[in-house]
Structures are given as structure tokens and as C-alpha cells.
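Structural characterization, general
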Amino acid sequence: MQTLTNNRFIAGKGIKLIDDSGVEYLDGVSGTFNLSLGYNHPHVVSKIQEQVGNLTHMSSSFTEPYVNEVLDHLIEYAPNDINAGWMRDITGSTANECATKIAQKYTESTDIISLYLSHHGQTQFATGISGNAFRRKRFPNSAVANAVHVPAPYCYRCPFKSSNGDCDYQCVEAISDAIEYASSGSVACMIIEPILGNGGNIIPPAGYFKRLRKLCDEYNIILIADEVQTGIGRTGTMFASELFDIQPDMITLAKGLGGIGVPVAAVLMQSRLNVLEKHEHSFTSGSNLISVTAAKSTLEVVSEPGFLDAVKRKGEILGELLHELAMKYPSIGEARGVGLMWGLEIVGDGNEPDTLKTNAIVDRAFTDEHLILRSSRYGFGNVVKVRPSLTTTEDELVEIVERLDSVLASVH
Ligand SMILES: Cc1ncc(COP(=O)(O)O)c(C=O)c1O
């Protein structure tokens, strides 16, 4: 399981958390991957402080001018004629619900396809459409009748036992079969994470998304990219949809959009999909002014000239360092990632997933090295995730990997 700690943290500075005895911990995973700009980015902090002094909240009936500024900025970067948006959520889970409701209303169809190992949130509905059924245990309402789950493009452990390059994309073929035999025949949408984050930092092979888009077009299925983890510069582009040329019809965002951990979410869509009435999907705190200000000021930072190029450069450095670790330690089956979104697949002697060792690495990193890491599937998986804030310095990247190296040496 994940690290349990008695530490009382009282301050956050850059990518460091500081406890009440003054000990600094290096956060290698930016909170829960949401601190895109670290704990206290000065621009975001000052804009929020200013907003709190003026006006913290008013009904979402009046926030439209503020929301539109954020949406306009996001849309500038959005692919595939995405030119409208919705900001009445504060979490990724309900943003995904919003997107699937839109798809259902627009297509007048019911079913939602998603990938094994996907994570789309923790409301009962979002749990139900996610591809990690263990989280439904004891929660019968999280079994979503219209959810259809299909194999993930997990090349390292290919569900069809192919090796990279000679697979004929059987995982895409399998989706046609699922539409034919596992769906009701009335499919509204498919929701995918460009990189399966919680499932283990799984990156689909080149060519996968092109085939997926073609399949969605053949069956008139709306393609939703859940960019709650990958969005807002995490992969070195504003959206991973751009990096992988996914051509989605909708994009959902949360986490990194709040910059320093302020909860905020957004759904971006082509204008034909802007079909919801306000009363069909709104929350009291959705589009509150603190969230909207956090999003606006975060986007100002991320879109500064050179910012995303720096993320790409730092991503390459991190990738090189982690690949070196993978050469050194047989416990690392694979280091995979892009930008500042990396995972180490931890394996046993027979290359089997080693969850115990994975959790030992995360725990020892915290206790022995004061390095904060996380593991996949909320501690039930075998991937150690390394995803520092986008503002991390190159020296901090080296420090993270050096501390991880010491932990791996002790666990090994
Ligand atoms: C890809 C993805 N989608 C959706 C969610 C849910 O977001 P939230 O926790 O803000 O509801 C998460 C959270 O981990 C996520 O990783």
C-alpha cells in the first residue's frame, strides 16, 4: 500500500514539502500529479491572493466572462476543431461524467467503451466506466450497465502475447468484436487516457490512435481524451492529444489545470457537441472564482515562450537518467514515459509484476531518502511513477534519480 506517514507538513516550496521539524521532502510526483507548477508558484499565488481579496465566489450564472477567458485560452491549443467548452465541474471524475453525458445526449446512444487499466475517477459512475474493476468491490452501484471494457495497448505485457511491431493492432481489432458482441449495439463514445496513468504509465504504440480514430469514425463513436493527467503541458505539449495526434472530439481536464493544486476541471468539445443545458450538469462550486483564477494564471505560465520546450528538454534528461537506472537494476523491467510523465515497471526474477517490491521502493524512498513517489493502481500495481512538477529544475531531476538509485540499491 501507499506510504502512511505521521509527518505534519506545514509548507510547500517549489517541489519540496517541509514538515514541522524543518525536514524537506522532494516531491517526485507533484502531489497527486496535480501540482503542475509546484507548491507555491509566485504568479499563481499572487493572482489567487488578489482574487480572494476582491471576490471569492458568485453564482455560476455570473461567472461566464471569467470562464470564457480560460476556455478561449485552452481552445487556442486544442486539436481537431475543438472550439467550445464547459467549466461547471471541479473534479476530473465529474468532468468525465459530463463528457459521457454529452456524447450520450448528442448521439442518442448509450454505451461507453473504455480500456482495461484505465482510471477515470472515483464517483460510482466514474469507477464503473474505469477499467480497474477491483475498485468496484462492495459498491454495487458502481457497476455501470452501459460500460464496455476492452483490452489496453499494454505492449510490455501484450494481452495478445505479441511483441512490439508484429501485432497487427489486435487490441484495436478486439474493440470491433466488443462493439459487435459486448455492447448493446448503441455505442455513444469511447473514453481513453492518452497515457494510461494510474494503470501504469502505459503508452500505446505508434499507429494505435490513428486506428482508434478510424474505428470510431466507422461506428460513429465520439472519442473522448481524458487528459486529466496528461493535459496542461505534462508531456511537453499543452495536450497529449497533440503529441500523439489523437484527433479526439472532446478533451477532459482537471489536476494540472489548477497549477498549485487548486481544484478545477474543464471539458472541451467541438461546437456540435455543445448540447447540454446548464441544469443538466452543474455543481455549486463549479467555475468558482478561485478555481477559474488558478486556471487562468496557470495557463499564463505554461504558455510563456519556451516553457513547454523546457518541459520537453527536462523530460529527455529524466528519461535518459531513468533508462540508465533500468540498465543497472534488473528489477526494472522497463522505464517508459514522455515529457515529465515516467513510470518504472518493477519485476521479479521471472519478469512477473512485483507489487511488494514496488511498494517497498515507494516506502523506502519516503522514509530513507525523503523522496515522495507513488505506485500504480493506488498501491496495487507494479509501476513506480516519477512525475515531478513542470517547474522542476534539471538539478532537482538529478537529485530525484540519485535518491531513487540509492533506494533501488537497498531494495535490490
Ligand atoms: C486520468 C484520470 N481521470 C480522471 C481522474 C479523476 O480526477 P479527480 O480525482 O479530480 O476526480 C483521475 C484521477 O486520478 C485521473 O488520473
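What you see is a predicted model, and the numbers here were worked out from it, not measured in a lab. (Residues numbered from 1 in each chain as written. Predicted model: local features only at pLDDT ≥ 70, side-chain atom pairs only at ≥ 80, totals over all residues. Heavy atoms only, no water.)

**A closer look at a negative patch on the surface**
Test applied: Put simply, a patch holds well-exposed residues, over 30% relative accessible area, that have no salt bridge, with like charges counted together within 9 Å and Val, Leu, Ile, Met, Phe, Trp or Tyr side chains within 5 Å. Accessible surface area values rest on a Shrake-Rupley calculation with a 1.4 Å probe, where residue burial reflects the displayed protein chains alone. Salt bridges are identified by distance alone: a Lys or Arg side-chain nitrogen within 4 Å of an Asp or Glu carboxyl oxygen. Only four residue types enter the charge count, namely Lys and Arg as positive and Asp and Glu as negative; His and the chain termini do not. A charge is said to be at NZ when it belongs to Lys, at CZ for Arg, at CG for Asp and at CD for Glu. By definition, any uninterrupted DSSP run of H or I lasting at least four residues is a helix, any uninterrupted run of E lasting at least two residues is a strand, and each is numbered from the N terminus.
Negative charge collects at one region of the surface, where Asp166, Asp168, Glu173, Asp177 and Glu180 lie side by side. Relative to the assigned elements, Glu180 resides in helix H6 (residues 170-181).

**Considerations on the site of the ligand**
Using the following cut-off: The cutoff for a nearby residue is simple: one of its non-hydrogen atoms must lie within 4 Å of the molecule or strand. In protein, a polar contact means a hydrogen-donor-capable atom and an acceptor-capable atom, both N or O and within 3.5 Å, with residues adjacent in sequence counting only if both atoms are side-chain atoms; elsewhere, any N or O pair within 3.5 Å suffices. Side-chain classes follow a simple rule in which Ala, Val, Leu, Ile, Met, Phe, Trp, Tyr, Cys and Pro form the nonpolar group, Asp, Glu, Lys and Arg form the charged group, and the remainder, Gly included, forms the polar group.
The local shell around the ligand consists of Thr91, Gly92, Ser93, Asn96, His119, His120, Gly121, Glu193, Asp226, Val228, Gln229 and Lys255. Interatomic distance of 2.7 Å between a side-chain N/O atom of Asp226 and a nitrogen atom of the ligand. At a separation of 2.8 Å, an oxygen atom of the ligand approaches a polar side-chain atom of Gln229. Examining the composition of the shell around the ligand, we find that three residues originate from one element, helix H4 (residues 92-107), more than from any other. Here the shell around the ligand is composed, by residue class, of one nonpolar, eight polar and three charged.

**As for the sheet that holds strand E15 (residues 383-386)**
Definition in use: Two strands pair under a simple rule: DSSP has to find at least two bridges between them. For this analysis, residues touch if any pair of their heavy atoms sits within 4.5 Å. Think of each axis as a best-fit line through the C-alpha atoms, taken over the contacting stretch in the case of a helix, with angles from 0 to 180 degrees between the N-to-C directions.
Here four strands make up an open sheet; going across it, the order is E11-E12-E15-E14 and the pairing antiparallel. Bordering the open sheet on either side are strand E11 (332-338) and strand E14 (374-375), each of which pairs with just one other strand. In this sheet, E15 lies alongside E14 in antiparallel orientation, the contact comprising two bridges. The residue of E15 that forms the bridge with Ser375 is Val384. Most of the contacts of helix H10 (residues 307-328) go to strand E12 (residues 341-346), to which it runs at about 10°, and overall it touches E11, E12 and E15.

**Side note on the packing of aromatic side chains**
This is how it is decided: Pairing of aromatic rings covers Phe, Tyr and the six-membered ring of Trp, with a centre-to-centre limit of 6.5 Å; geometry is then stacked below 30 degrees between planes, edge-to-face above 60, and tilted otherwise. Residue burial is assigned from relative accessible area. The probe radius is 1.4 Å, only protein chains are included, and a residue is buried under 20% of its type maximum, exposed over 50%, and partly exposed in between. We count a charge as sitting over a ring when the NZ of a lysine or the CZ of an arginine lies within 6 Å of the ring centre and within 35 degrees of the ring normal.
Under the definition given, this model contains five aromatic pairs. With centroids separated by 5.4 Å and ring planes inclined at 80°, the aromatic side chains of Tyr208 and Phe209 adopt a geometry described as edge-to-face. Both residues of the pair, Tyr208 and Phe209, count as buried. Cluster of aromatic residues (ring-pair linked, three or more members): Phe9, Tyr25 and Phe366. In this structure, Arg88 packs its charged tip against the face of Trp86, placed 5.7 Å from the ring centre. In this structure, Arg387 is placed above the aromatic ring of Phe33, and the distance from its NZ or CZ to the ring centre is 4.3 Å.

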